[in-house]
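One-letter residues, chain by chain:
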Amino acid sequence: MELHGVYLRAFITARAGIDYRSELAGMSNTALAATAIGINDALRGEHPASATVVMSTVAMMCKEPVPCA
């Protein structure tokens, strides 16, 4: 649920037009992924995603890349 909280804070901040970049220093990769999703959703006019959707998307974004065959 912590990642969903990060997502919601980023969503609200981006929706309100507040500068969020200063808050990114020192964040973990999972928190950065949740922030990226929240900002993207806010800027695209989508509704906030559920915790399940955010966590599965963050997990996908943080997965090690698979080399092309």
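Conventions used here
- Residues numbered from 1 in each chain as written.
- Predicted model: local features only at pLDDT ≥ 70, side-chain atom pairs only at ≥ 80, totals over all residues.
- Heavy atoms only, no water.
- Helix = DSSP H or I, 4+ residues; strand = E, 2+ residues; numbered from the N terminus.
- Buried < 20%, exposed > 50% of the residue type's maximum accessible area, 1.4 Å probe, protein only.
- Contact = heavy atoms within 4.5 Å.
- Axes fitted to C-alpha atoms, helices over the stretch in contact; angles between N-to-C directions.
- Parallel < 35°, antiparallel > 145°, perpendicular 65-115°, else oblique.
- Nonpolar A, V, L, I, M, F, W, Y, C, P; charged D, E, K, R; others polar.
- Expected span 1.5 Å × (residues − 1).

**Student:** Teacher, can you tell me more about the overall build of the chain here?
**Tutor:** Scanning the chain from N- to C-terminus turns up three helices and zero strands. Counting from the amino terminus, the chain carries its helices and strands in the arrangement α-α-α. Principal-axis analysis of the C-alpha atoms places the extent of the chain at approximately 45 × 25 × 25 Å. Per-residue burial for the chain yields a buried fraction of 30% across its 69 residues. Counting only contacts in the chain whose residues sit at least 6 apart along the sequence, the fraction spanning at least 24 positions is 80%.

**Student:** Got a minute to help me understand the packing of helix α1 (residues 2–16) against helix α3 (residues 51–62) in this structure?
**Tutor:** Relative placement of two packed helices is described by the angle separating their axes and the distance separating the axes. It is the contact of α1 with α3, at a shortest axis distance of 9 Å, that shows an interaxial angle of 95 degrees. The angle between α1 and α3 falls in the class roughly perpendicular. Here L3, H4 and Y7 of α1 lie close against α3, whose contacting residues are A51, V54 and V58. Tallied by class, the residues present in the contact of α1 with α3 amount to five nonpolar, one polar and no charged.

**Student:** Explain α1 to me, please; I cannot follow it from the model alone.
**Tutor:** Residue pairs three or four apart in sequence face the same way in an α-helix, which turns once every 3.6 residues. In this model, α1 (15 residues) spans 21 Å end to end at C-alpha, consistent with the 21 Å of a helix rising 1.5 Å per residue. For α1, the complete set of buried residues consists of L3, H4, V6, Y7, A10, F11, T13 and A14. In this structure, the buried residues of α1 make contact with α2 (29–43) and α3. Taken from the residues just after α1, G17 is the one with a positive phi, measuring 80 degrees.

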